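Geometric and topological summary
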Amino acid sequence: MASLIRYGLVFIDDVPPTTTMTEMAVRRIFPIMKTLYGEMFTFADVYLHDDITYSNDYIGPHTDNTYFCDAAGLQALHCVVHDGTGGENFFIDGFYVAELLRRKNPKAFEILSTVQVPAYFFDKSERHRFSAPTIRVDPVTKEIIQFRLNLYDREVFNTIPQNEMRGFYESMREFLAIIHDPENWWQLKLNPGTVVIFDNWRLFHGRCAYTGKRAMTGCFVQRTDFLSKARVEGIID
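Let us look at the structure shown here.

**Describing the sheet that holds strand 10 (residues 186–188)**
With antiparallel pairing, the four strands of this open sheet are ordered in space as 3-12-5-10. Here the strands that pair on one side only, and so sit at the sheet edges, are strand 3 (59–62) and strand 10. For this sheet the average axis-to-axis angle between neighbouring strands, irrespective of direction, equals 15 degrees. Relative to strand 10, strand 5 (residues 89–93) runs antiparallel, the two being bridged by three bridges. Its bridge partner lying in strand 10, F91 is registered against W186.

Here's what the structure looks like:
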């Protein structure tokens, strides 16, 4: 819990590489959030949803659930099998890169913290839509609370006038350049036996393309349950 609060992620080793054991490891700490993917989910390069996750392609830095009214607070992932190459995961600390943007270009930071960005998910049985700023800032303290960034889930932009779109895209381009700077990445190979749990409101995450058979299992945790546990443990007020 202390690691999640301080760094935004934690690793749990020696977990047998199965969905059941991954679920048991997470449930020792948190209740699991049920979404359109169920409670526990497993994804590989086999179609299950209209989602790039179910492929072997590169996935750029993003946060999950931008189309949900209340995006998951935490995400847990466990690579249960991989008999090929590639597939490294990477994490970027949103707090750090956003502060770089705020110092470099305060106007861009202001635009990304005020412009509502629409996101949308749909398939045969689900329709989810929500709009929110890329960077959510506390109106009183001005501290960053949450990031919502997922270019794969973007909907048609209808929240600002057309003549303001250029300023938005210039701001987004500058932020993405900072996010994609390799100096700001932590890239590693997730191997069977190690579960990673990370803060979906703080960290951007992604995946390199891969070859061979690869399967990841995981789940989400609601933000309110994460913070409640941290308070019970005396880590935050």
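**Focus on the layout of surface pockets**
Of the volumes computed, that of the largest pocket is approximately 340 Å³. For the largest pocket, the lining is made up of 15 residues, of which F95, I144, I145, R223 and L227 are closest to its centre. For the lining of the largest pocket, the element with the highest residue contribution is helix 6 (residues 223–232), accounting for three residues. Looking at the lining of the largest pocket residue by residue, the classes come out as nine nonpolar, one polar and five charged.

**Focus: helix 6**
Regarding helix 6, the residues found buried are R223, F226 and A230. Looking straight down helix 6, one finds its buried side chains confined to an arc of 70 degrees; they lie on one side. Projecting away from the buried face of helix 6 at angles above 90 degrees are the exposed residues T224 and V232. After helix 6 finishes, the residue G234 shows a positive phi value of roughly 75 degrees.

**Looking at empty space enclosed by the protein**
If you roll a probe as big as a water molecule over the atoms, it shows you where there is empty space left. Counting across every chain of the model gives two cavities of 30 Å³ or more. Every residue along the wall of the second largest cavity is listed here: T66, V117, P118, A119, A132, T134, R148, L149, N150, L151, R154 and M172. Sort the elements by how many residues they give to the lining of the second largest cavity and strand 6 (residues 117–122) lands first, with three residues. Class assignment of the residues belonging to the lining of the second largest cavity gives a composition of seven nonpolar, three polar and two charged.

**Looking at helix 2 (residues 19–27)**
Residues of helix 2 that are buried include every one of T22, A25 and V26, and no others. Each buried residue of helix 2 sits inside an arc of 95 degrees when the element is viewed along its axis, so together they form one side. Next to the buried residues of helix 2 lie strand 4 (74–82), strand 11 (195–199) and strand 13 (214–221).

**Overview of the sheet that holds strand 2 (residues 41–43)**
Backbone hydrogen bonds hold the strands of a sheet together, and the pairing may be parallel or antiparallel. Judged by pairing direction, the sheet is antiparallel, and its five strands sit side by side in the order 1-11-4-13-2 without closing on themselves. Lying at the two open borders of the sheet, with one neighbouring strand each, are strand 1 (9–12) and strand 2. The sheet shows a mean angle of 20 degrees between the axes of neighbouring strands, direction not considered. Here strand 4 runs beside strand 13; their pairing, made up of eight bridges, is antiparallel. Bridge pairing links L74 to V221 in strand 13. Where helix 2 meets the sheet, it contacts strand 2, strand 4, strand 11 and strand 13, and its direction lies at approximately 30 degrees from that of strand 13.

Cut-offs and rules
- Residues numbered from 1 in each chain as written.
- Predicted model: local features only at pLDDT ≥ 70, side-chain atom pairs only at ≥ 80, totals over all residues.
- Heavy atoms only, no water.
- Pairing = 2+ DSSP bridges.
- Helix = DSSP H or I, 4+ residues; strand = E, 2+ residues; numbered from the N terminus.
- Axes fitted to C-alpha atoms, helices over the stretch in contact; angles between N-to-C directions.
- 1 Å grid on protein atoms, 1.4 Å probe; cavity = no way out; pocket = protein on both sides within 12 Å on 5 of 7 lines; lining within 4 Å.
- Points joined across faces, edges and corners; volume = space filled by probe spheres on them.
- Nonpolar A, V, L, I, M, F, W, Y, C, P; charged D, E, K, R; others polar.
- Buried < 20%, exposed > 50% of the residue type's maximum accessible area, 1.4 Å probe, protein only.
- Arc of directions from axis to C-beta.
- Contact = heavy atoms within 4.5 Å.

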